[in-house]
Amino acid sequence: MSRVVEVPASFDDRSFEQFAHSFSAGPLTDRMLFDARGAQWASPFALVAMLTAAQAVREAGGPVPGFTVPVAEDVRRYWARTGFFGHLAELAELHGKVPKIKPDTHSDVLLEVTPVRASEDVHAVVGKIQEGAARILHGELGLEAKATMGFAMALSEACQNIVEHAGTGGWVSVHAYSFRKRLGRRVVVIAVGDSGVGFRRSLEATQSRRFGDRWGDGAALEAAVIQNVSRFRDPGRGQGIAGIKRYLSRWQGKLSIRSGTARIVIVPPWDDDAPMTEHLAPFPGAQVQIVIPAQEGASG
Amino acid sequence: MTQTIRVERLLRESVQTPYCDLVTRSTGRAVRTSIQQALVAGGASLAMLDFSEVGLVDFSCADEIIAKLLLDPPGETYLVLQGLREEQLEAIEHVLEHHDIAVLVCDSPAGAARPVGRVSPDLRTAFFTLQAEGPTTADGLALQTGWTLSRTTEVLETMARLRLIRADSGSYAVPQPAA
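Just so we're clear, the structure is a prediction, and the values are computed from it rather than from any experiment. (Residues numbered from 1 in each chain as written. Chains lettered and ligands numbered in written order. Predicted model: local features only at pLDDT ≥ 70, side-chain atom pairs only at ≥ 80, totals over all residues.)

Caption draft 1: Local environment of the sheet that holds strand β6 (residues 93–95) of chain A. Residues and elements named next belong to chain A. Read from one edge of the open sheet, four strands run β1-β3-β5-β6, paired in parallel fashion. Strands with a single pairing partner mark the edges of an open sheet, and in this sheet they are β1 (3–6) and β6. Along the sheet, successive strands turn relative to each other by an average axial angle of 25°, direction set aside. Sheet analysis places strand β3 (residues 32–35) next to strand β5 (residues 66–68), joined by three bridges and oriented parallel. Among the inter-strand pairings, Leu33 is bridged to a residue of β5, identified as Gly66. (Pairing = 2+ DSSP bridges. Helix = DSSP H or I, 4+ residues; strand = E, 2+ residues; numbered from the N terminus. Axes fitted to C-alpha atoms, helices over the stretch in contact; angles between N-to-C directions.)

Caption draft 2: Quick peek at helix α2 (residues 25–42) of chain B. Taking 1.5 Å per residue as the helical rise, α2(B) with its 18 residues ought to reach 26 Å, and the 25 Å between its terminal C-alpha atoms agrees with that figure. Taken together, the buried positions of α2(B) are Arg25(B), Ser26(B), Thr27(B), Gly28(B), Val31(B), Arg32(B), Ile35(B) and Leu39(B). Taken together, the buried residues of α2(B) touch α5 (119–140) and α6 (147–166) of chain A together with β1 (2–6), α1 (7–14), β2 (46–50) and α3 (59–71) of chain B. Following α2(B) by one or two positions, Gly43(B) adopts a phi angle in the positive range, close to 60°. (Expected span 1.5 Å × (residues − 1). Buried ≥ 20, exposed ≤ 12 C-beta atoms within 10 Å, placed from the backbone. Contact = placed C-beta atoms within 7 Å.)

Caption draft 3: Inspection of the interface of chain B and chain A at higher detail. In this complex, chain B contributes 21 residues to the contact, which on the side of chain A involves 21 residues. Contributing elements (two or more residues each) for the side of chain B that touches chain A: α2, α3 and α4 (86–99) of chain B. At seven residues, α4(B) tops the list of elements feeding residues into the side of chain B that touches chain A.

Caption draft 4: Region of interest: the domain arrangement of chain A. Residues and elements named next belong to chain A. The assigned domain composition of chain A is domain 1 (1–102) and domain 2 (105–300). Between domain 1 and domain 2, the C-alpha centre-to-centre distance is 22 Å. Taken residue by residue, the interface counts 22 residues in domain 1 and 24 residues in domain 2. Mapped by element, the contributors of at least two residues to the side of domain 1 that touches domain 2 are α1 (16–23), α2 (44–59) and α4 (84–88). At 10 residues, the largest contribution of residues to the side of domain 1 that touches domain 2 is made by α2. (Domains from an automatic or database assignment.)

Caption draft 5: Focus on the domain arrangement of chain B. All names here are of chain B. Each assigned domain of chain B is listed with its residue range as follows: domain 1 (1–118) and domain 2 (120–179). Here the C-alpha centre of domain 2 lies 24 Å away from the C-alpha centre of domain 1. With 12 residues of domain 1 in contact, the opposing surface of domain 2 contributes 11 residues. Classifying every residue of the side of domain 1 that touches domain 2 by side-chain character gives 11 nonpolar, one polar and no charged. (Nonpolar A, V, L, I, M, F, W, Y, C, P; charged D, E, K, R; others polar.)

Pasting the structure below:
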């Protein structure tokens with residue numbers, strides 16, 4: 001019998017905790033069935049998280065998980081348009097009708113779900129995103145034209161965390177949508193996730209002694225995100241996240257990173273998220289989300 | 001002798017990519033190695049690293065190329081960056097400040113160089129005085145700026161260590177492209 005992992009009806013970085021709780025209720029080697037029948041909406045963070053979960057199961061040597069696709073046709077079509085089902089089919093057995101739609105990057109999907117395994121993938125992601133990013137950031141969100149370059153830089157650095165630290169491949173996706181409940185404005189969201197070693201294990205050898213009893217997922221995130229430390233002794237390391245924070249501070253953007261059982265957030269003035277949350281349900285690897293809001297008064 | 005190195009060309013030669021962006025550490029390492037080889041082969045006293053055809057420059061790649069070239073300078077060559085757009089320069093400045101170093105940047109092909117990065121007001125004053133008045137000694141610069149000799153010497157030595165100026169037998173000068 002399969003263990004059912006519930007996919008939240010409205011799946012974003014907040015409802016992700018329900019998903020993580022359900023996913024971590026047993027070992028990764030359980031026979032699992034991801035139940036997305038009731039799904040009504042998923043953010044890029046959620047799509048990347050579902051792929052990451054399926055990848056973690058495969059990497060743990062568990063049986064191929066099942067995945068029941070959403071009942072709502074518009075949801076199935078949107079997920080197909082993001083390229084999600086194409087990648088998921090390589091990791092899970094899909095149950096239900098999947099629309100045959102090519103990924104579309106000329107709409108709100110600025111970057112379809114894209115695997116990131118090596119430096120070449122980061123080049124491709126950065127190369128592909130720039131035209132669409134300029135259209136949305138400058139055209140709709142009212143950011144200065146030069147913000148596009150910083151956006152691509154932030155995307156590049158977030159993806160490089162996978163290549164440099166995860167020890168396995170990961171995924172990235174970028175969408176634009178209206179953030180009605182929390183902000184009442186349009187946003188562009190970058191989601192990057194992997195099922196790799198996570199921040200704690202990546203930094204353990206060089207940082208755990210410094211933190212002593214406090215060492216854990218939360219302390220590792222604090223070291224990387226607040227203190228800009230890296231597992232490498234090279235003094236030039238650790239600038240990627242620092243660069244992302246610098247870019248976000250200029251455009252009132254939000255950065256959240258969840259790894260293991262902790263989540264850290266660089267909270268912009270428009271949000272009331274908790275800066276640090278610990279003792280969450282365990283989830284493999286690291287999940288990064290970057291949110292760039294429309295500037296106040298922008299037409300988007 | 002002045003050597004001009006087109007960074008975008010080295011990027012295409014070093015990394016199999018259809019894009020002209022300087023992103024990722026591995027790309028940075030490959031491009032830095034190519035630049036080092038070109039500098040050794042060229043043997044010039046001054047090298048202009050031309051970024052005019054380059055797209056995006058991210059922090060990691062800027063660190064691998066610019067910071068590491070400056071921290072471990074190849075031979076006696078002085079480096080000047082040119083053809084940088086505002087956002088590219090911003091990423092490079094971020095990296096330079098992280099390492100507490102500086103580099104010379106030319107904003108236009110015919111323009112004069114300026115120091116960018118961790119540059120104190122004293123260092124800036126001394127640099128532009130040398131650039132305007134020409135080569136001089138520590139005594140000469142102390143007279144021009146009205147500073148004490150020890151303050152002047154300290155600033156000049158810092159600039160020489162950062163390879164923003166040449167120091168030769170007690171005389172200091174801003175590196176100039178050959179006419």
